[in-house]
Amino acid sequence: MSNIEPRQSTSVTPPPPMPGAGASTTLPQSFSPQGVAGHQYGAMAAAGMRRVGKTRNPWGVWALSLVTLGIYGLWWYYTINGELREYDPQIKVQPGVSLCALLFGWVTFGIATIVSIVRTGGRISEAQRSAGAAARCSGLVGLLLGCIGFWQVYYQSQLNKVWEQHGNPPAMTRV
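In what follows, the accompanying structure is described.

Definitions and cut-offs
Residues numbered from 1 in each chain as written. Predicted model: local features only at pLDDT ≥ 70, side-chain atom pairs only at ≥ 80, totals over all residues. Heavy atoms only, no water. Helix = DSSP H or I, 4+ residues; strand = E, 2+ residues; numbered from the N terminus. Buried < 20%, exposed > 50% of the residue type's maximum accessible area, 1.4 Å probe, protein only. Contact = heavy atoms within 4.5 Å. Areas by Shrake-Rupley, 256 points an atom, 1.4 Å probe, with all protein chains shown as cover. Salt bridge = Lys/Arg side-chain N within 4 Å of Asp/Glu carboxyl O. Arc of directions from axis to C-beta. Core = buried A, V, L, I, M, F, W, Y, C linked by side-chain atoms within 4.5 Å. Phe/Tyr/Trp six-rings, centres within 6.5 Å; stacked < 30°, edge-to-face > 60°.

**Notes on the overall build of the protein**
And then number 1: Looking only at helices and strands, the protein features seven helices and zero strands.
And then number 2: Secondary structure elements of the protein occur, N-terminal to C-terminal, as α-α-α-α-α-α-α.
And then number 3: Taken over 175 residues, the protein has a buried fraction of 34%.
And then number 4: A fraction of 65% describes how many contacts in the protein between residues 6 or more apart in sequence connect residues 24 or more apart.
And then number 5: Summed over all atoms, the accessible surface of the protein reaches about 11,300 Å², with 63% contributed by carbon and sulfur.

**Brief notes about the pattern of salt bridges**
And then number 1: This model, assessed by the stated rule, comprises two salt bridges.
And then number 2: Glu86 is paired through a salt bridge with Arg51; the nearest N and O atoms lie 3.9 Å apart. Linking Glu86 in helix 3 (residues 71-87) with Arg51 in the loop between helix 1 (42-46) and helix 2 (58-67), this pair joins segments that are 35 residues apart in sequence.
And then number 3: Taking relative accessible area as the criterion, Arg51 reaches 24% and is therefore assigned partly exposed.
And then number 4: Residues Arg56 and Glu83 are paired through a salt bridge, measuring 2.8 Å at the closest nitrogen-oxygen approach.

**As for the environment of Ile91**
And then number 1: Note on placement: Ile91 falls in the loop between helix 3 and helix 4 (95-103).
And then number 2: Excluding its chain neighbours within four sequence positions, the residues that come into contact with Ile91 are Leu84, Arg85, Arg123, Glu126 and Ala127.

**Section: helix 2**
And then number 1: The set of residues buried in helix 2 consists of Pro58, Val61 and Ser65. Relative to the axis of helix 2, the buried residues are bounded by an arc of 60° and lie together on one face. In helix 2, the exposed positions that point more than 90 degrees away from the buried face belong to Leu66 and Val67.
And then number 2: The inward-facing, buried residues of helix 2 contact helix 3 and helix 7 (151-164).

**What about the nonpolar core?**
And then number 1: Within the largest apolar cluster, 22 residues are counted, with the highest numbers of intra-cluster contacts made by Trp76, Tyr87, Trp151 and Tyr155.
And then number 2: Looking at this core, the elements with two or more residues in it are helix 3, helix 5 (111-131) and helix 7.
And then number 3: Not counting the four nearest positions on each side in its chain, Trp151 is found in contact with Trp76, Tyr77, Leu102, Ile117, Gly142, Leu145 and Gly146.

**Overview of the packing of aromatic side chains**
And then number 1: Per the counting criterion, the structure on display carries nine aromatic pairs.
And then number 2: Ring centres 5.5 Å apart and planes at 75° place the aromatic pair Tyr87 and Trp163 in the edge-to-face group. Within this pair, whereas Tyr87 is found in helix 3, its partner Trp163 is found in helix 7, the two being separated by 76 residues in sequence. With respect to class, Tyr87 is no different from Trp163; both count as buried.
And then number 3: When the ring of Trp151 is compared with that of Tyr155, the centres are 5.9 Å apart and the planes differ by 90°; the resulting orientation is edge-to-face.

This is the structure we're talking about:
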């Protein structure tokens, strides 16, 4: 005799068929490709498709830029603009164009560089608003701090406030 009890059978009930299964899917008349928040990616942002960027030490960004003779600073500038785009698709930015404006702004007597730095501050402010934080970042303050070499410290500290709204998860985490 065996002490093993017979296994009870379990049955799996299939889910009920979806209404209109087999028919072509049509969108309701009220559907708008603009999505939530007035843009085509708004539905993605509302559905948790935002990705947070990396929380960095603002003084570490400044020091690494100094030690690498600006190379890290260029990489950082490209990266934060990409993070802003990934965080909120409503923020329109092409990180490569922003970097080129920073690098080759001398061709336009510095105007492209000034515009790029000020607009990046505006993008950070827009991300702060989008995260529900007070929009405190100012492109003009960033530009003025750039005159004395501390604009990266200011921008990174302001950008960290966006990520803090989500509890500082690892970089590229969907929220």
